[in-house]
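Remarks on the overall topology
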Amino acid sequence: MQAATQPHSDPDPSGAAATEATLRRFLLGLPGVDKVGLEARAARLGTRSIKTTAKAAGIDLAIRMIDLTTLEGADTPGKVRSLCAKARRPDPSDPACPSTAAVCVYPDMVAVAKEQLVGSGVRVASVATAFPSGRASLEVKLADTAYAVAAGADEIDMVIDRGAFLSGRLSEVFEEIRAVKAACGSAHLKVILETGELAAYDNVRRASWLAMLAGADFIKTSTGKVSPAATLPVTLLMLEAVRDYTAQTGRKVGMKPAGGIRTSKDALKYLVTVNETLGEGWLDPDWFRFGASSLLNDLLLQRQKLASGRYSGPNYVTVD
């Protein structure tokens, strides 16, 4: 799997972030978000009907888009090995069932995951930059990133400093993202906005553009540790930002909703929203991911239901 990045393209060809003044002027000059209109569009997209054949294809695609995740203080090497086995073969009884996109762990578990996933095509993602709070010095955040990359992480999921962003220190957040991107080397950078703490849709739009201008390969809604996490209206807004940024710069960026997406029905709503907003070109794990664990279990149950006509028993899937 090739990750979503174009290393030779300029994330800011217009020079919007050339100085602190131009960055602030650009971000504060973005159009305001029509809250009622956004939520109405998201609601309409969420009512689209998916027929059986398309549903089966959508379920397999959603499985391929999952970053199977464990980010708990009680994580052990054994738990990570078990999660990696599930990522490689989500349904051991069906070799046609696709693997997930990645396994996402804390930096100290990257080496364990990397060893388990050799040759599988499943990537290793690691959270970094003082996840989930982002409350640390830049030196600590860069060391956190470098440690994960050295251990073999293919992807880094960083969190922005929401306090700096909400205080209006936009250039500080921009420079931090750019520094972490440089520390990633060949690893790909997902920038987590933690939209549940940004308070307003206008802030989500500005943070999305800020992250992309700073070089993010993906923008991501949430850590999964704050409520609300991913919602369809916020995801739609971020997808629209990706669409407009790509049209303006020519650089394609991925998007990842994370947290709170638990059912196949919900996952299919998100795929419809991606298709309607960005087109089929983004319906690929290189450009769209789900940050989830419990979602995979429901996708497997629904997949089995489509194949056999009945739901499996409670022991059909593992409990994460």
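In this text, all values refer to a predicted model and were calculated from it rather than measured experimentally.

Looking now at the overall build of the protein chain. Helix and strand content of the protein chain: 12 helices and eight strands. Against the 2.2 N^0.38 benchmark of 20 Å for 320 residues, the protein chain shows a C-alpha radius of gyration of 19 Å, consistent with a compact globule. Within the span of the protein chain, comprising 320 residues, buried residues form 54% of the whole. The contacts in the protein chain between residues at least 6 apart in sequence include a share of 76% that link residues at least 24 apart. By element, 53% of the accessible surface of the protein chain is carried by carbon and sulfur atoms, the whole surface being about 13200 Å². When the 38 basic and 35 acidic side-chain charges of the protein chain are each reduced to a single mean position, those positions are 5 Å apart.

Attention shifts here to the sheet that holds strand 1 (residues 66–69). Strands sit in the order 7-6-5-4-3-2-1-8 across an open sheet of eight strands; the sheet is parallel. If you trace the sheet from one side to the other, it starts and ends with strand 7 (254–256) and strand 8 (290–292), each paired once. When strand polarity is set aside, the average angle formed by the axes of neighbouring strands in this sheet is 25°. Relative to strand 2 (residues 102–105), strand 1 is paired through three bridges, and the arrangement is parallel. Each residue of the ladder has a partner; that of Thr69, found in strand 2, is Cys104.

Across the protein chain, the average pLDDT comes to 93, with 94% of residues at 70 or higher. In this model, residues 1–5 is a region of pLDDT below 50 whose contacts with residues beyond four sequence positions or in other chains number 20 contacts.

Apart from glycine, the bulk of residues carry a negative phi angle, and the bulk of peptide bonds sit in the trans form. Here the residue pair Phe131 and Pro132 is connected by a cis peptide bond, since its omega of 0° sits within 30 degrees of zero. Looking at the element boundaries, Pro132 is found in the loop between strand 3 (123–128) and helix 6 (138–150). Of the consecutive residues Ser227 and Pro228, the connecting peptide bond is found in the cis state with omega at 0°. When you line up the elements, Pro228 lands in the loop between strand 6 (218–220) and helix 10 (232–249). Non-glycine residue Ala199 carries a positive phi angle of around 75°. The topology assignment puts Ala199 in the loop between strand 5 (188–192) and helix 9 (201–213).

What the rule picks out here adds up to five aromatic pairs. Taking the centre distance of 6.0 Å and the plane angle of 75° together, the rings of Tyr106 and Phe131 count as edge-to-face. Of this pair, Tyr106 sits in the loop between strand 2 and helix 5 (110–117) while Phe131 sits in the loop between strand 3 and helix 6, and the two are 25 residues apart along the sequence. By the ring-pair criterion, three or more aromatic residues cluster together here, those being Phe26, Trp209 and Tyr245. If you follow Lys252 out to its NZ or CZ, it ends over the ring of Trp282, 4.5 Å from the centre.

The subject of this paragraph is the pattern of salt bridges. Inspection of the entire model under this criterion finds 24 salt bridges. Its salt-bridge partner being Arg289, residue Asp67 comes within 2.8 Å of it at the nearest N-O pair. Of this pair, Asp67 sits in strand 1 while Arg289 sits in the loop between helix 11 (264–278) and strand 8, placing them 222 residues apart in sequence. Accessibility assignment for this pair places Asp67 and Arg289 in one class, buried. Salt-bridge contacts for Asp157 lead to Lys256; the nearest nitrogen and oxygen are separated by 3.0 Å. Of this pair, Asp157 sits in strand 4 (residues 155–159) while Lys256 sits in strand 7; the two residues are 99 residues apart in sequence, bridging distant segments of the chain. For the pair Asp157 and Lys256, one class covers both residues: buried.

What follows covers the nonpolar core. The biggest cluster of nonpolar side chains holds 89 residues, and the ones touching the most others in it are Ile177, Val191, Phe288 and Phe290. Counting residues per element, this core draws most heavily on helix 10, at nine residues. Setting aside residues no more than four positions away along its own chain, Val191 makes contact with Met158, Ile160, Ile177, Ala211, Ala216, Phe218, Ile219 and Lys220. By size, the runner-up hydrophobic cluster in this structure holds seven residues, among which are Leu71, Ala125, Phe131 and Ile192.

Turning to the packing of helix 6 against helix 8 (residues 170–184), a few remarks are in order. Two numbers describe how helix 6 lies on helix 8: the axes approach to 9 Å, and their chain directions differ by 25°. When the axis of helix 6 is compared with that of helix 8, the two are roughly parallel. For the crossing formed where helix 6 meets helix 8, the hand is right-handed. In contact with Leu138, Lys141, Leu142, Thr145 and Val149 of helix 6, helix 8 contributes Glu176, Ala179, Val180, Ala183 and Cys184. Counted by class, the contact of helix 6 with helix 8 contains seven nonpolar, one polar and two charged residues.

Procedures and definitions
- In this convention, every chain numbers its residues from 1, walking through the sequence in written order.
- Given that this is a predicted model, residues contribute local features only at a pLDDT of at least 70 and side-chain atom pairs are listed and counted only at 80 or more, while totals for whole chains, interfaces and linings are drawn from all residues.
- With hydrogens and water set aside, each side-chain value is computed from the structure's full complement of heavy atoms.
- Helix and strand assignments follow DSSP, with helices taken as H or I runs no shorter than four residues and strands as E runs no shorter than two, numbered in order from the N terminus.
- Our radius of gyration looks at C-alpha atoms and nothing else; its globule reference is 2.2 Å times the residue count to the power 0.38.
- Any residue under 20% of the maximum accessible area for its type is buried, any over 50% is exposed, and the rest in between are partly exposed; the area is computed with a 1.4 Å probe on protein chains only.
- Contacts are assigned to residue pairs that have any heavy atoms within 4.5 Å of one another.
- The Shrake-Rupley method, run with a 1.4 Å probe, gives the accessible areas here. Residue values count only the displayed protein chains as cover.
- Charge convention: Lys and Arg are scored as positive, Asp and Glu as negative, and His as well as the terminal groups of each chain are ignored.
- Lysine's charge is taken at NZ, arginine's at CZ, aspartate's at CG and glutamate's at CD.
- Paired strands, in this sense, are two strands between which DSSP finds at least two bridges.
- Axis definition: a line fit to C-alpha positions, over the contact stretch in the case of helices; interaxial angles, taken between N-to-C directions, run 0 to 180 degrees.
- Scored between 0 and 100, pLDDT is the confidence that the predictor attaches to each residue.
- Any two of the Phe, Tyr and Trp rings considered here, Trp counted by its six-membered ring, make a pair once their centres fall within 6.5 Å; the pair's planes then place it as stacked at under 30 degrees, edge-to-face at over 60, or tilted in between.
- Over a ring means this: the NZ of a Lys or the CZ of an Arg is within 6 Å of the ring centre and within 35 degrees of the ring normal.
- A pair is scored as a salt bridge if a Lys or Arg side-chain nitrogen falls within 4 Å of a carboxyl oxygen belonging to Asp or Glu.
- What is meant by a nonpolar core is a set of buried Ala, Val, Leu, Ile, Met, Phe, Trp, Tyr and Cys residues, joined one to another through side-chain atoms within 4.5 Å.
- We call two directions roughly parallel when the angle between them is under 35 degrees, roughly antiparallel when it is over 145, roughly perpendicular when it lies between 65 and 115, and oblique otherwise.
- Should the near helix be turned anticlockwise from the far one by less than a right angle, the crossing is termed left-handed; should it be turned clockwise, right-handed.
- Residues are grouped as follows: nonpolar covers Ala, Val, Leu, Ile, Met, Phe, Trp, Tyr, Cys and Pro; charged covers Asp, Glu, Lys and Arg; every other residue, Gly included, is treated as polar.

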